[in-house]
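Residue-level structural notes
Spelled out, the chains give:
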Amino acid sequence: MKLLGFYASDKRQESVPRRRRRRNWRPFLVLAVFLILLAILIWAVASIVHWWNSRVTEPVELEYVGDIPIYEEYMPEDSPGRPGEKRFVEWIVIHETDNFNPGADAAAHAAFLSGLGAEDDPRSWHYTVDDHQIYHHLPDDEAAYHASDKLNPHGGNLNGIGIEMCVNEGGDYEKTLENTVQLTAKLMMEYDLKIRDVQTHQHFSSWDKVCPAKLLEDDRWDEFLDRVEKAREAAIEAEREARRRAQEREDSILPGFLYDLLHKEDDESHGEPEN
Ligand SMILES: [Zn+2]
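Think of each chain on its own: its residues are numbered from 1, step by step along the sequence as written. For this predicted model, a pLDDT threshold of at least 70 governs which residues receive local features, and a threshold of 80 or more governs which side-chain atom pairs are given and counted, while totals over whole chains, interfaces and linings are taken from all residues.

Regarding its fold elements, the chain presents 10 helices and seven strands. Taking all 275 residues of the chain together, 30% fall into the buried category. A residue pair is marked as a contact if its C-beta atoms, positioned from the backbone, fall within 7 Å. Look at the contacts in the chain between residues 6 or more apart in sequence, and 74% of them connect residues 24 or more apart. Only DSSP runs of H or I with at least four residues qualify as helices, and only runs of E with at least two residues qualify as strands; both kinds are numbered from the N terminus onward. Exposure in this text rests on C-beta crowding, where 20 or more other C-beta atoms within 10 Å of a residue's own make it buried, 12 or fewer make it exposed, and counts in between make it partly exposed. The C-beta atoms are placed from the backbone.

Structure follows, in structure tokens:
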């Protein structure tokens, strides 16, 4: 009896904890599903960030802006100023050369950049503009050293197109400014940039360099941006008009040569050099 009693009580004791021990897996399942979804989310975000940062721009090689010629004279590929980093264009960074010497025009700066050797500080930018010409020193899809912000992600060096305006004695600064307005507007169109993407060197500079110095000291930055925006709108309107006229010609029942002959005067009144 004693033994039976022992067994009986033992069975009762066992039966109670066994029910208690039955695990409720639900919270673990919910946690596992949550962790899997979290991992997928992190992977998706990381992939998007990676894709975003690894975009590169297809560069354009302009020959003219209006009637101002653009000369392509790329720096040597082994120049210390060419890190060779391909990138996406996010900014246009405006500078002034601060070189007031007579003759310090766009051609002189092209020669300066091309002459930099391995022992020199890495310096580079994409365009130099003076009062009658523009020099193109680097493909637009390459990072350069002009914005004093190393190669910070989404910075002026890594993601900007650097434009230097000449301030040389004997040069016409107002004409240089207008040429820079036109080049900036054209590049904005080519790379689908907004006016907020046009910035000063000072905006990026880690040591607050006042550049473009004359433009900023004369408090003309807002005027510059206004003029760029107006030039961009005018260029967009001109492109729209050109497309409309091309369509009109295509839709016309007249043969092309006859249509051109009849609309010769219109074309001349809209005449703008091809670029
Ligand atoms: Zn600068």
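Here the focus is the nonpolar core. One broad rule of soluble globular proteins: the nonpolar side chains tend to lie buried together. Ranked by size, the top nonpolar core spans 41 residues in total, and within it Ile92, Val93, Val129, Ile134, Ile163 and Leu183 carry the most contacts. Mapped onto this core, the elements with two or more residues apiece are β3 (91-96), α3 (106-114), β4 (127-129), β5 (134-136), β6 (160-165), α5 (173-190) and α8 (221-251). Considering each element in turn, this core owes the most residues, six residues, to α5. Discounting chain neighbours no more than four positions away, the residues touching Ile163 are Ile92, Val93, Ile94, His95, His126, Tyr127, Val129, Thr180, Leu183 and Thr184. The nonpolar core is taken to be a set of buried Ala, Val, Leu, Ile, Met, Phe, Trp, Tyr and Cys residues joined by way of C-beta atoms within 7 Å.

Our next topic: helix α2 (residues 26-53). To estimate the expected span of a helix, subtract one from its residue number and multiply by 1.5 Å. Taking 1.5 Å of rise per residue, 28 residues should cover 40 Å, and α2 covers 40 Å from first to last C-alpha, within 8% of that figure. The buried count for α2 comes to zero of 28 residues, which makes it a mostly uncovered element.

Turning to the sheet that holds strand β2 (residues 68-72), a few remarks are in order. DSSP-based pairing: two strands are paired if at least 2 bridges between them are found. If you walk across this open sheet you meet the seven strands as β1-β2-β5-β4-β6-β3-β7, and the pairing is mixed. Of all strands in the sheet, those bounded by a partner on one side alone are β1 (64-65) and β7 (198-200). In terms of strand pairing, β4 meets β5 through three bridges, oriented antiparallel. Looking across to β5, one finds that Thr128 is bridged to Tyr135. Axis lines are fitted to C-alpha atoms, over the contacting stretch for helices. Their N-to-C directions set the angle, which ranges from 0 to 180 degrees. Strands in contact with α3 are β4, β5 and β6; relative to β5, the strand with the most contacts, it is inclined by about 20°. The strands that α5 touches are β1, β2, β3, β4, β5, β6 and β7; relative to β6, the one it contacts most, it runs at about 165°.

Among all positions in α3, only Ala106, His109, Ala110 and Leu113 are buried. All buried residues of α3 fall inside an arc of 105° around its axis, so they share one side. Next to the buried residues of α3 lie β4, β5 and β6. It is the directions from the helix axis to the C-beta atoms whose arc is reported.

With six of six residues buried, β6 is to be regarded as a mostly interior element. Of the two faces of β6, both are covered, the one formed by Gly160, Gly162 and Glu164 as well as the one formed by Ile161, Ile163 and Met165. For β3 and β6, the ladder comprises six bridges, and the chain directions are parallel. By the bridge assignment, Ile94 is partnered in β6 with Ile163. Relative to β6, β4 is paired through three bridges, and the arrangement is parallel.

Bringing the pairing of β3 into the picture now. When you tally the buried positions in β3, you get six out of six residues, the bulk of the element. Side chains Trp91, Val93 and His95 of β3 all project onto a buried face; the interleaved residues Ile92, Ile94 and Glu96 project onto the opposite face, where all are buried too. Strand direction decides the pairing type here: β3 and β7, joined by three bridges, are parallel. Of the residues in β7, the one forming a bridge with Val93 is Gln199.

To continue, consider the confidence of the model for the chain. How sure the predictor is of each residue is captured by pLDDT, a score from 0 to 100. Confidence along the chain averages 90 in pLDDT terms, with 88% of residues attaining 70 or more. Note on residues 1-6: pLDDT is under 50 here. Beyond four places in sequence and across chains, it has zero contacts. Long-range and interchain partners of residues 270-275, a stretch whose pLDDT sits below 50, account for eight contacts in this model, where long-range means more than four residues apart.

Moving on, we come to the environment of Phe88. Structurally, Phe88 is set in the loop between β2 and β3. Residue classification places Phe88 among the partly exposed positions, given that 15 C-beta atoms sit within 10 Å. Linking Phe88 and Pro59, residues 29 residues apart in sequence, is a C-alpha distance of 9.6 Å. Apart from the residues lying within four places of it in its own chain, the contact partners of Phe88 are Arg55, Val56, Thr57 and Asn159.

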